[in-house]
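Understanding the architecture of this molecule
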Amino acid sequence: MQVQHLNRRSLPGLLIGAILAASAVVGASADPAAGAPTLPPGFVSEVVAGGLNYPTAVVELPDGRLLVTEKDGLIRVIKNGALLPTPFADLSAEVNNFWDRGLTAIAVDPDFATNQNLFLFYPFDSTGTDGSGPVTNRLIRITASGDVMEPGSATVVLGSATGSGCPAPPSADCIPQDWYGHSADNIRFAPDGTMFVSMGDAASWDYVDDLALRAQDIDQYPGKVLHITKTGLGLPSNPFWNGDPNSIRSRVWAYGFRNPFRMPLHPSSGIPYVGDVGWNDIEELDVVAAGGNFGWPCYEGDAPQPGYQSKPLCQSLYAQGAAAVQAPMYSYTHDGLGGSVVGGAFTPATTTFPPTYQDGLFFADYAQDWIRFAPLDGQGNPTGQPLNFASAAGGPVDLTFGSDGNLYYIAINDGELRRIRPASGDVSTTYLSDLTPSATPANGW
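Residues numbered from 1 in each chain as written. Predicted model: local features only at pLDDT ≥ 70, side-chain atom pairs only at ≥ 80, totals over all residues. Heavy atoms only, no water.

Some words on the state of the cysteines
Per the stated rule, a full pass over the model turns up two disulfides. Between the sulfur atoms of C166 and its disulfide mate C174 the distance is 2.0 Å. The sign of the S-S torsion, about -90 degrees, decides the handedness of the disulfide formed by C166 and C174: left-handed. Classification of C174 as buried rests on a relative accessible area of 3%. Two residues share a disulfide in this structure: C298 and C314, whose sulfurs sit 2.1 Å from each other. One quick way to see it: the torsion about the S-S bond of C298 and C314 is about -80 degrees, and its sign makes the bridge left-handed. Highlighted residues: C298 in the loop between β19 (282-287) and β20 (299-300) and C314 in helix α4 (residues 312-319), separated in sequence by 16 residues. Disulfides within the protein chain link the bonded cysteines, taken in sequence order, as 1-2, 3-4. (Disulfide = S-S within 2.5 Å. Buried < 20%, exposed > 50% of the residue type's maximum accessible area, 1.4 Å probe, protein only. Helix = DSSP H or I, 4+ residues; strand = E, 2+ residues; numbered from the N terminus.)

And the structure:
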C-alpha cells in the first residue's frame, strides 16, 4: 500500500537506492545522451552535467555559472560547461535527507552582482542522523566568495527555533516538519525584490492526518505560500496583514496547499503559478492570487476530498459554497499512472523556441515522467489544452529558462542537468520537401 502510494506521490525520496551511478560530466554542447527524452521534431536534449547525486534544483548566476542543489545538502557549480570538483557549499550536516526531505529550494538574490547572496530553504536537523521523526524547516541566506560559499555567512531568515518538531501553540519562529515529505518546497523572487516561499502541509500521505488541517489555518505555516521581505518580515500589502510583520498571518499570501513543490512567477503580473501535488486522484496548477484558499485538505482539485470530507472544518468550508475556494487553472487525474506535478517555467521573451511554445508555461510531472506546455494569453489565462512536449524525461523535478533562451531541467532519475533547445536557429521553418502536395504533381519533387 505504501509503495503504491509513493509511486503516485513521492518526489525525490522514492528514488533512494534506485538510481545507478550516472556518467561523467560532459559539456553543454555534447550530443544527446542515450537516455534523452522524446521531443517534438526540431528539438534536441543535451546533458549539461551528469554524475550528480540526486539533483533537485538549478539556478543561474548573473555571470552564467549554474548552481545545482543535491538532495543531501551539497550545492554544485557548473562553470564554463564543466562541473567543478569542489562543491559551492556542503550543508549535509544540517539538512535532513530522509525520504522526500532534503535541499530542494534555492534562489539567487536579485542584487547578487553587488551582495553575492543566495537563499536556501530546507528541513533542518543538527543531529546529522537523517531520521524520520519530526524536525523543523529553516530559510537561510548565504554569501558567495568566488566559486564557494563564504565561511560563516549563513544567516537565519525564518525558522530560528529548531528541534524535534515545534511546540504548541504555533510559534512564528518555528516552521514544523512533522512528516518526511511535503516539506520546504520553493523560493521565488518577485520583481520588487520580495520573496515568495512555499511549503507543504508536513502531514502524512499514508492516512488521513489531522495535521493536514493546518493548511486551512492562516496562523500556522504548513500548506502555505508566504510573501516576505529578504529579512523574513511580512508585508503590509499582504492579504492577512495584522500590523505585526513578525506574525505568521502577516507573512501568508495564500493557503490550502498540500505540496506546492514548484511555483514560477508570471513574467508580467508577478503572481505565483503553483503546481500543487495531489493525493489519491488529482494534480493541479493554481493561479495564486493574494488571499486565495486552494482547499486542501477539504478539496483535492475542485472536488471534496473523501478522506477529510467528514471533518467539521471541511463541512464548515463546504457550507460557504464553491466560491470559498479557488479552482485550479488546470487539473488532471492520475488515470492509474500516479502523479506528482512540477510547476515549471514561463517562456521568456528571449526564448529561442518557435511561436508554438511561446506565451505559456512549461510544467512537468515527475511520476508520469513528462514535460508539457500550457499556452496562455497575455494575462496568463489558458488559451487551449496543454501540449505534450517531452516524454521519458528522466524524472523532471525543476525547470527554468537560461539566459541563452533555452529550457534547462533537472532529471533526478538520471542524475543530470539537461538543456532542451531547437536543433537549429529556427525550428518553425517549413521545407518544401516536407510538404504533401495538394494536387497531382506534374513532375515529382
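Right, picking up where we left off after that structure.
What to know about the sheet that holds strand β29 (residues 416-422)
Overall, antiparallel pairing links the four strands, which are arranged β1-β29-β28-β27 in an open sheet. Each edge of the open sheet is held by one strand with a lone partner, namely β1 (43-49) and β27 (396-401). Across this sheet, the average inter-strand angle for adjacent strands is 25 degrees, counted without regard to direction. Both β1 and β29 contribute to a ladder of six bridges, which runs antiparallel. (Pairing = 2+ DSSP bridges. Axes fitted to C-alpha atoms, helices over the stretch in contact; angles between N-to-C directions.)

A closer look at the pattern of salt bridges
Under the definition given, this model contains 15 salt bridges. Among the salt bridges present, the one from R65 reaches D63, with a minimum N-O distance of 2.9 Å. By relative accessible area, R65 is classed as buried at 10%. Of the charged contacts, one joins D210 and K311 as a salt bridge, the two residues approaching to 2.7 Å between their closest N and O atoms. Taken together, the positions of D210 in the loop between β14 (195-199) and β15 (224-228) and K311 in the loop between β21 (303-304) and α4 put the pair 101 residues apart, joining distant regions of the chain. The exposure class assigned to K311 is partly exposed, which follows from its relative accessible area of 21%. (Salt bridge = Lys/Arg side-chain N within 4 Å of Asp/Glu carboxyl O.)

Considering the packing of aromatic side chains
One pass over the full model with this rule turns up 32 aromatic pairs. Seen from their ring centres, W99 and Y180 are 6.4 Å apart, and the 70 degrees between their planes marks the pair as edge-to-face. Of this pair, W99 sits in the loop between β6 (89-90) and β7 (105-108) while Y180 sits in the loop between β12 (175-177) and β13 (184-189); the two residues are 81 residues apart in sequence, bridging distant segments of the chain. By relative accessible area, Y180 is classed as buried at 13%. Lying across the ring of W370, R372 places its NZ or CZ 3.7 Å from the centre. (Phe/Tyr/Trp six-rings, centres within 6.5 Å; stacked < 30°, edge-to-face > 60°. Lys NZ or Arg CZ within 6 Å of the ring centre and 35° of its normal.)

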